[in-house]
Structure formats: C-alpha cells, structure tokens
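# Secondary and tertiary structure notes
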Amino acid sequence: MTPKITLHRGDITTDTQADAIVNAANNSLLGGGGVDGAIHRAAGPELLAECRTLNGCATGDAKATGGYQLPATYVIHTVGPVYHDGTRDEAELLASAYRRSIEVAAEIGAARVAFPSISTGVYRYPLAEAAQIAIQTVTAAMAQHPQVIEARFWLFSDQSFEAFDAALTTTADPRDR
Ligand code: AR6
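Residues numbered from 1 in each chain as written. Predicted model: local features only at pLDDT ≥ 70, side-chain atom pairs only at ≥ 80, totals over all residues. Heavy atoms only, no water.

### Some words on the environment of Ser 117
This is how the line gets drawn: Put simply, DSSP H or I for four residues or longer makes a helix, DSSP E for two residues or longer makes a strand, and each gets a number counted from the N terminus. Polar contact is the term for a pair of N or O atoms within 3.5 Å; when the atoms are in protein, one must be able to donate a hydrogen and the other to accept it, and sequence-neighboring residues count only if both atoms are side-chain atoms.
As for its placement among the helices and strands, Ser 117 is situated in the loop between strand S5 (112-115) and helix H4 (127-144). Each C-alpha atom of the pair Ser 117 and Leu 155 lies 6.6 Å from the other, and the pair is 38 residues apart in sequence. Engagement of the side chain of Ser 117 in a polar contact is seen with the side chain of Thr 120, the distance being 2.7 Å.

### Observations concerning the site of the ligand
Note the threshold: Note on terminology: near, applied to a residue and a molecule or strand, indicates that one of the residue's heavy atoms is within 4 Å of it. What sets the accessible areas is the Shrake-Rupley method with a 1.4 Å probe; for residues, cover comes only from the shown protein chains. When residue character is reported, Ala, Val, Leu, Ile, Met, Phe, Trp, Tyr, Cys and Pro are called nonpolar, Asp, Glu, Lys and Arg charged, and the others, Gly included, polar.
In the neighbourhood of the ligand, 21 residues make up the surrounding shell, with Asn 26, Gly 33, Asp 36, Ser 119 and Gly 121 lying closest. One of the side-chain nitrogen or oxygen atoms of Asp 11 is found 2.9 Å away from a nitrogen atom of the ligand. Within the backbone of Ile 12, a nitrogen or oxygen atom sits 3.0 Å from a nitrogen atom of the ligand. Relative to its free-state accessible area of 700 Å², the ligand is covered by the protein chains to the extent of 88%. A class-by-class count of the residues in the shell around the ligand yields nine nonpolar, ten polar and two charged.

### Describing the sheet that holds strand S4 (residues 74-78)
Basically, it comes down to this: When DSSP locates at least two bridges between a pair of strands, those strands are taken to pair. Lines are fitted to the C-alpha atoms to define the axes, a helix being fitted only along its stretch in contact, and any angle between axes, read from their N-to-C directions, falls within 0 to 180 degrees. Two residues form a contact once any of their heavy atoms are found within 4.5 Å.
Pairing within the open sheet is mixed, and its six strands lie in the order S1-S6-S5-S2-S4-S3. Because the sheet does not close on itself, it has two edges, and the strands there are strand S1 (4-9) and strand S3 (62-66). On average, each strand axis in the sheet is tilted by 25° relative to the strand beside it, whichever way the strands run. Bridge count between S3 and S4: five bridges; the pairing is antiparallel. For Lys 63, the partnering residue across the bridge sits in S4 and is His 77. Lying over the sheet, helix H3 (residues 90-108) contacts strand S2 (20-24), S3, S4, S5 and strand S6 (150-155), oriented at roughly 150° with respect to S4.

### Thoughts on the pairing of S2
Filter applied, for reference: Exposure categories follow from relative accessible area, calculated using a 1.4 Å probe and restricted to protein chains: below 20% of the type maximum is buried, above 50% is exposed, and the middle band is partly exposed.
Most of S2 sits inside the fold, with four of its five residues counted as buried. As paired elements, S2 and S4 share five bridges and run parallel to each other. Counterpart to Ala 24 in the pairing with S4 is Thr 78. Taken together, the two bridges between S2 and S5 define a ladder with parallel strand orientation.

### Examining the packing of H3 against H4
This is how the line gets drawn: Roughly parallel covers angles under 35 degrees, roughly antiparallel covers those over 145, roughly perpendicular covers 65 to 115, and oblique covers all other angles. Should the near helix be turned anticlockwise from the far one by less than a right angle, the crossing is termed left-handed; should it be turned clockwise, right-handed.
For the pair H3 and H4, interaxial distance at closest approach is 9 Å and the crossing angle is 40°. The angle between H3 and H4 places the two elements in the oblique class. Where H3 crosses over H4, the two elements pack in a sense that is right-handed. Each of Ala 91, Leu 94, Ala 95, Tyr 98, Arg 99 and Ile 102 in H3 lies in contact with H4, whose residues at this interface are Glu 129, Ala 130, Ile 133, Ala 134, Thr 137, Val 138, Ala 141 and Met 142. Tallied by class, the residues present in the contact of H3 with H4 amount to eleven nonpolar, one polar and two charged.

### Let's talk about helix H5 (residues 158-170)
So the rule is basically this: One less than the residue count of a helix, multiplied by 1.5 Å, gives the span that helix is expected to have. Regarding the arc, it is the one traced by the directions from the helix axis to the C-beta atoms.
Taking 1.5 Å per residue as the helical rise, H5 with its 13 residues ought to reach 18 Å, and the 18 Å between its terminal C-alpha atoms agrees with that figure. For H5, the complete set of buried residues consists of Ser 160, Ala 163, Phe 164 and Ala 167. Down the axis of H5, the smallest arc covering the buried residues is 90°, so these residues share one side. Turned more than 90 degrees from where H5 packs its buried face, Glu 162 and Thr 169 sit exposed. In the core, the buried residues of H5 are packed alongside S1, H3, H4 and S6.

In structure tokens form, the structure reads like this:
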C-alpha cells in the first residue's frame, strides 16, 4: 500500500484509528503540559509508571510505551528541540524526532501513527518551517519503512492545520521529482 499522510483537526488522544500516537515530550519523559499532559491524562497513571523505567530520552530520539487507557496500543514518546534562533541544530533535531518516531513505529509494528505538531507549542518552533520539516521527514521515513502505512497529523488550531495543509500541498513526493 502506498504510504499516506492525513491531516485531522482536534485532540490527538481521541484518535481511534492509530496503532501508536506520538507524544511531544521533554527529556525527563515524566509528563508536562500541552499534548504531553493530555496524553498522560487520557492514558492514566500506568503510563507515567512505565515512563519512569525508561531513564528519559535525548532530544531527537524516541521511545515506545503501552497506550493503557488510550484507544491506541502504543505511545511513542519523542523530544523535539526548544527553538532558540535556528542556529542550534533545531532543524536537524526536529527532523530526527520525526524520523526516530517512524523508526520506532516500524520496530513495534505500528502501521498507523498519529503525530502532534512537535515543538511548535511551549518549545516555540516557527510553525511554517516546522510543518515543512514534519511533512518532508515523515514522507522520506515512511518510504524507508513501508510497514508504516499512514501518518495521521492532529492539529490543534486552525493556524497549525493551515500550516500543515500548505506544507503537504507544496511538498512533492520525492519519487515524482
Ligand atoms: N492534541 C493535539 N495537539 C495538541 C494537544 C492535543 N490534545 N494539546 C496541545 N496540542 P506542546 P512542544 C498542540 O507545547 O512545543 C510539554 O510540557 C499544541 O497546540 O504540547 O513540543 C512537554 O512536557 C502545539 O501545536 O509541545 C515539553 O516540556 C503542539 O501540540 C514541552 O511541552 C505542540 O505543543 C514540549 O513542547
């Protein structure tokens, strides 16, 4: 099946079709605000208990846990960069967070993966640039890992939906170039 990217408006924790949902976490993996807080609330306290066993996560890396009370079987916790001025490897680290999430999804056999817009909340990554990196990196990573057949982006605001819609429209499939 040809890998596909779909865009959804709303709360990622309500996704009933994803095998795994990606969490925009911090290095501690011990919870926080934003989408991280929403995922921990929806999954229940067992999620935090499993996260405590993982010894944190480096920026740009990803680690999987169970999904507990979530509809999804797994949560893939990744850590995007805090955006400073664009000179501190932010673009590479954001791409790595998306790439590693797809790699971990392939390892655990998650075919449909839900993503939030990593780093564009508390971590202040500029939205248009982050959306381009997200779409391009996930497209390339799914081509490398055909077990992952769908990336489902959940956008929490009109502004973020429009940024991802624009990125999807302007990013040609590399195979078409
Ligand atoms: N579903 C989908 N998207 C959401 C949801 C939700 N339920 N809630 C928020 N968003 P952020 P970051 C959007 O701040 O920038 C946490 O405290 C939100 O509007 O959650 O990577 C962690 O523990 C924004 O567009 O993640 C870290 O400390 C996007 O998700 C830190 O925040 C990401 O915003 C990570 O910051």
